Amino acid sequence: MNLSDYSNKKISVSPSSSYKVNLVKSRVRDILYEKIPSEHIAKLVSKGRNIARVELSVLIEQIFMDKEFSKVSDEDRKEISTEILDLILGLGPIENLLNDDSVTEIMVNGYKHVFYEKNGVIYSSKQHYESDEQLRLVVDRIVAPLGRRIDEQSPIVNARLSEGHRVNAVIAPVSIDGTSLTIRKFRQNAFSLQDMVDMKSMTSQIALLLSWAVRARKNIAVSGGTGGGKTTLLNALSQQIPFNERIITIEDSAELKFDRHPHVVRMEAREANSEGNGQISIRDLVVNSLRMRPDRIVVGECRGAEAADMLQAMNTGHDGSLTTLHANSPSEVITRLVMMVRYGMDLPINVIEAQIFSALDLIVQQDRLGSGKRAITKIVAKNLDSKDYECVCELDKKTNEYIWEVCPDWVDFLPYSKIATEKEVALWKSSLQFC
């Protein structure tokens, strides 16, 4: 596109002795749309965002050359240009937050209020949208390429950005104070257990125990509250699965990443379309995964009737499976799983509890602490003698140290399966102080 095609359009100039950044930004944006209509911007974007950004930057520089903007400083010109380009080509005021790797969550509570989470602490952003209509355009820009829509008939939408970030948007009449937008960000490369040790989310002893558990094909449930880091830990555990095993992942919104594993099939649930057809539930995918010759089944989050099928899979030869679920403690995991199973089938509670005990070898509680840091706070393992779960270790939140109580029975058998040597097991035990 030749920008000179628009040079004959007259730019309206209103003299002013002073300016405010927001007023100048609105003025420059209006002139930009006068010089290059939205349909031409769309054609530029179709060539690529980088190409469009370069060409539009040149045009904005030409606009600033008019004497109307002579008092605008170079610093403000750069800021205004960036914000306009972010709005036209990206997601506006939250574009810089998306590009900041240290930001883990972005929350827009109506167009005037933008918040973000960084290092476990929530901050208020100085930038915000200018109107709810502007915010709605951004939401439409997110969901439209995914074949989704959001309107009064469907005021809630869950989607995923190309980078893998999870998006939730709610509009009126459900969202009373204007459009709400929440983006949960995920790293391009998943955290490893060692990364989590470095972040003090666990100790090296816990990391080694969990690595052994995965390689020994123990069924593991990661529990915790919202934003506690369950998916991050699940992904780190998944990386311990040997490369010669076939992994089937099942998620509501695909978040798990496998940077190096060569044999992974990722499946994602699908909501019903506007006509109410085409829904594919987590339970449908769990049932289907059993026909896909899985060595490991990884369910991103267990929250409903699929719990029954998952437990059956764990109890019928698909050991080494991994999942997460919302619970405030390992003991609450049992109660919640009983409720979930009863959604799918009417069985006596004692029968369901027996199925859970037979299926789950390890329950790992992952929480967000008061400081904002995510950490493993408790691990329990089943004890075949007592027919109950016993505490392996627990974080003392006063001293910030782990108290080890027992060693899981299966650790002593690791040398026989060639997962660890007797010396490695002995060294690991000697590094712990059991009560």
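Before reading further, recall that the structure is shown in the block above.
The text that follows walks through the structure, step by step, so that each part is easy to find. Quantities reported herein were computed from a predicted structural model and do not represent experimental measurements.

Moving on, we come to the sheet that holds strand β8 (residues 247-251). Taking strand neighbours across the sheet as the criterion, the 9 strands line up as β9-β8-β10-β11-β7-β12-β13-β14-β15 in an open arrangement whose pairing is mixed. The sheet is open, and its two edges are formed by β9 (264-268) and β15 (401-404), each paired on a single side. Within this sheet the neighbouring strands show an average axis-to-axis angle of 20°, counted without direction. In this structure, strand β13 (residues 374-383) lies alongside strand β14 (residues 388-396), joined through 6 bridges in antiparallel fashion. Within β14, the residue paired with Ala-381 across the bridge is Glu-390. The sheet strands contacting helix α9 (residues 230-238) are β7 (220-224), β10 (296-299), β11 (322-326), β12 (362-368) and β13, and the helix crosses β11 at an angle near 170°.

Turning our attention to the packing of helix α10 (residues 282-289) against helix α11 (residues 306-315). Two quantities define a packed helix pair, namely the angle between the axes and the distance from one axis to the other. For the pair α10 and α11, interaxial distance at closest approach is 8 Å and the crossing angle is 20°. Judged by the angle between their axes, α10 and α11 are roughly parallel. Taken as a pair, α10 and α11 cross one another with a handedness that is left-handed. Within the contact between the two elements, α10 uses Ile-282, Arg-283, Val-286 and Val-287 and α11 uses Glu-306, Asp-309 and Met-310. In terms of residue class, the contact of α10 with α11 is made up of 4 nonpolar, no polar and 3 charged.

This next bit is on the side chain of His-261. With respect to the helices, strands and loops of the structure, His-261 is situated in the loop between β8 and β9. Polar side-chain contacts of His-261 include one of 2.8 Å to the backbone oxygen of Pro-242. Polar contacts involving the side chain of His-261 include one to the main-chain amide nitrogen of His-263, which spans 3.2 Å. Setting aside residues up to four positions removed in sequence, His-261 forms contacts with Ile-241, Pro-242, Phe-243, Glu-245 and Ile-247.

This next bit is on the packing of aromatic side chains. Evaluated as defined, the whole model comprises 6 aromatic pairs. Seen from their ring centres, Phe-64 and Phe-69 are 5.7 Å apart, and the 80° between their planes marks the pair as edge-to-face. What makes Phe-64 buried here is its relative accessible area of 4%. A relative accessible area of 2% places Phe-69 in the buried class.

On to the nonpolar core. The biggest cluster of nonpolar side chains holds 44 residues, and the ones touching the most others in it are Met-202, Leu-210 and Leu-233. At 7 residues, the largest contribution of residues to this core is made by helix α8 (residues 204-215). The residues contacting Leu-210, other than those within four sequence positions of it, are Met-202, Leu-233, Leu-237, Leu-362, Val-364, Ile-376 and Ile-379. Grouped together as the second largest cluster of nonpolar side chains are 34 residues, Met-292, Ala-308, Leu-325 and Val-341 included.

Rules and cut-offs
- Residues numbered from 1 in each chain as written.
- Predicted model: local features only at pLDDT ≥ 70, side-chain atom pairs only at ≥ 80, totals over all residues.
- Heavy atoms only, no water.
- Pairing = 2+ DSSP bridges.
- Helix = DSSP H or I, 4+ residues; strand = E, 2+ residues; numbered from the N terminus.
- Axes fitted to C-alpha atoms, helices over the stretch in contact; angles between N-to-C directions.
- Contact = heavy atoms within 4.5 Å.
- Parallel < 35°, antiparallel > 145°, perpendicular 65-115°, else oblique.
- Left-handed = near helix turned anticlockwise from the far one by under 90°.
- Nonpolar A, V, L, I, M, F, W, Y, C, P; charged D, E, K, R; others polar.
- Polar contact = N/O pair within 3.5 Å; in protein donor to acceptor, adjacent residues only side chain to side chain.
- Phe/Tyr/Trp six-rings, centres within 6.5 Å; stacked < 30°, edge-to-face > 60°.
- Buried < 20%, exposed > 50% of the residue type's maximum accessible area, 1.4 Å probe, protein only.
- Core = buried A, V, L, I, M, F, W, Y, C linked by side-chain atoms within 4.5 Å.

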